[in-house]
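Architecture at a glance
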Amino acid sequence: MENTKNFSPSEHSVFELYVKGHTAKEIADILCLSINTIKTHNKRIYMKLNVSSREELLLYVNMLKEIGIDDFDG
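Before going into details, it helps to say that this report is about the structure given with it. Because the structure is predicted, anything quoted here is derived from the model rather than measured.

Rules used in this analysis
- Residues numbered from 1 in each chain as written.
- Predicted model: local features only at pLDDT ≥ 70, side-chain atom pairs only at ≥ 80, totals over all residues.
- Heavy atoms only, no water.
- Helix = DSSP H or I, 4+ residues; strand = E, 2+ residues; numbered from the N terminus.
- Buried < 20%, exposed > 50% of the residue type's maximum accessible area, 1.4 Å probe, protein only.
- Contact = heavy atoms within 4.5 Å.
- Salt bridge = Lys/Arg side-chain N within 4 Å of Asp/Glu carboxyl O.

Turning our attention to the overall build of the chain. The number of helices and strands found in the chain is four helices and zero strands. Counting from the amino terminus, helix and strand elements in the chain follow one another as α-α-α-α. Split into buried and exposed, the 74 residues of the chain put 35% on the buried side. Considering only contacts in the chain between residues 6 or more positions apart, those separated by 24 or more positions represent 57%.

Relative to the helices and strands, asparagine 50 resides in the loop between α3 (35–49) and α4 (54–66). Owing to a relative accessible area of 69%, asparagine 50 belongs among the exposed residues under this scheme. Sequence separation between asparagine 50 and tyrosine 60 is 10 residues, and the spatial gap between their C-alpha atoms is 9.8 Å.

The next point concerns the pattern of salt bridges. Overall, the coordinates contain two salt bridges when judged by the stated rule. Notably, a salt bridge pairs lysine 48 with glutamate 11, separated by 2.7 Å at the nearest N-O pair. One end of the pair, lysine 48, is in helix α3; the other, glutamate 11, is in helix α1 (residues 9–19), and 37 residues separate them in sequence. Its relative accessible area of 3% is what places glutamate 11 among the buried residues. Salt-bridge contacts for aspartate 29 lead to lysine 25; the nearest nitrogen and oxygen are separated by 3.2 Å. With aspartate 29 and lysine 25 both in helix α2 (residues 24–31) and four residues apart, this pair spans about one turn of that helix.

Written as structure tokens, this is what we have:
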């Protein structure tokens, strides 16, 4: 959970939308960014959380929710 505190504001916005269940394409549309920009944010988010895919990211989020952590504001 500490690692989310290291997110840039843009990374945090992308992460929060993943937490809400959006796809990369939907996030790009919502934030008015290119899919390549979202992919760049993804790489940085994955590196900071030590995950390697969207599936692992969602597993990480679900595990935190299971232990009662659902406020990802860092």
